[in-house]
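Commentary on secondary and tertiary structure
As a plain string of letters, each chain reads:
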Amino acid sequence: MTNYGIKVMKAGYSVTNTDIRNLILSSKYTMLKYHSDTTANLTITAGNTSGYVDFTHNLGYVPAFIAYVQHSWHDTIQRMLPFGISAAPLIETAFSTSSIVRCRVNMIERPDNVTFTFRVVIFKDKIA
Amino acid sequence: MTNYGIKITKDGYGITSAEPRNYVLSSTYSAVKIALAGSGTINVSAASTATATIAHGLSFIPAVLFFSELSPGSGKYFSGCTHLSTPDADAGDVGIYAGTDADRNPVESWVDATNLKIAYHNFHASQSRIVTYYYYFFGDSGV
């Protein structure tokens with residue numbers, strides 16, 4: 001028996017429907033599993049052009065993640081990383097290792113202090 | 001009967017919660033299903049571009065997520081299309097900025113109804129590198 005398990009379909013679709021998009025959930029497909037959801041600030045002071053903030057995960061392997069950033073000079077806009085503005089320039093990137101997720105900023109020198117609020121969702125799913 | 005199905009809530013929350021964030025699992029909300037995941041490597045010659053083509057076998061353009069270890073063996077996996085600033089130690093310190101790409105964007109990607117394509121650009125004049133990537137295709141339309 002190969003066609004077994006839990007299936008919940010969207011309204012109007014039978015469990016025999018083979019289009020994965022019509023499934024609400026299925027034991028056939030894995031899903032990303034939350035490990036942590038953390039926010040941290042990085043302030044780059046006037047005259048400086050780079051910085052980073054680390055999010056420790058203690059998983060012991062390289063996990064999948066999604067990172068967002070909010071800038072102090074905007075109100076509520078949250079952007080997904082990586083993000084860049086060539087004209088500024090402003091470059092924000094993120095990578096994961098077996099111990100941390102690091103969010104980084106490289107930017108043009110500014111006369112004022114700017115704060116980056118990073119939110120990182122780390123999953124338990126291993127990518128390396 | 002309208003309030004039925006499978007519900008698992010986080011500690012401290014009842015199954016009457018109307019807040020989706022409080023659920024570990026709920027059949028009320030469509031889950032982001034992983035249709036396909038995997039990894040690969042690609043050799044990127046000096047001063048050139050190499051494109052990884054990954055077939056997904058789905059009949060639609062799926063949502064995707066991918067990570068790339070730009071510096072071989074570094075264990076640092078960048079998310080998505082990664083802009084880099086100067087010769088970047090985390091990405092290999094192999095002179096990514098040595099090229100002529102004004103956007104300094106060494107990774108480009110796109111997905112269609114057949115493939116995910118990730119184009120890696122190596123700006124170093126004489127050193128090739130092997131990039132390792134990991135990808136997810138989700139069982140939901142990306143467009």
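This text goes with the structure placed above it.
These figures come from a predicted structure and were not determined experimentally.

1. Brief notes about the sheet that holds strand β4 (residues 48-55) of chain B
Residue and element names in this part refer to chain B. Here 3 strands make up an open sheet; going across it, the order is β4-β8-β7 and the pairing antiparallel. Looking at the sheet topology across the chains shown, the edges are occupied by β4 and β7 (107-111). With strand direction ignored, the average angle separating the axes of adjacent strands in the sheet is 15°. One ladder, built from 8 bridges, connects β4 with strand β8 (residues 115-122); its direction is antiparallel. Residue pairing in the sheet places I54 in a bridge with L116 of β8.

2. A closer look at the sheet that holds strand β10 (residues 114-126) of chain A
Residues and elements named next belong to chain A. Strand order across the open sheet formed by 4 strands is β3-β10-β5-β6, with antiparallel pairing between neighbours. What marks the edges here is a single partner per strand, and that holds for β3 (34-44) and β6 (79-80). Note that strand β5 (residues 63-71) and β10 share 8 bridges and pair antiparallel. For Q70, the partnering residue across the bridge sits in β10 and is T117.

3. Topic: the interface of chain A and chain B
At the junction of the two partners, chain A supplies 32 residues and chain B supplies 36 residues. Both sides of the chain A and chain B interface together cover about 2,900 Å² of buried area, and 65% of this is carbon and sulfur. Three residues stand out in chain A for area buried against chain B, namely R21, I24 and I127 of chain A, and they jointly supply 20% of the buried area on that side. In this structure, the connection of chain A to chain B is made through 1 salt bridge. For R104 of chain A, the salt bridge goes to D90 of chain B, with nearest N and O atoms at 2.7 Å. Seen at the junction of chain A and chain B, the total is 7 residue pairs in polar contact (both at pLDDT 80 or more).

Calculation criteria
- Residues numbered from 1 in each chain as written.
- Chains lettered and ligands numbered in written order.
- Predicted model: local features only at pLDDT ≥ 70, side-chain atom pairs only at ≥ 80, totals over all residues.
- Heavy atoms only, no water.
- Pairing = 2+ DSSP bridges.
- Helix = DSSP H or I, 4+ residues; strand = E, 2+ residues; numbered from the N terminus.
- Axes fitted to C-alpha atoms, helices over the stretch in contact; angles between N-to-C directions.
- Contact = heavy atoms within 4.5 Å.
- Buried area = accessible area lost by both parts, 1.4 Å probe.
- Salt bridge = Lys/Arg side-chain N within 4 Å of Asp/Glu carboxyl O.
- Polar contact = N/O pair within 3.5 Å; in protein donor to acceptor, adjacent residues only side chain to side chain.

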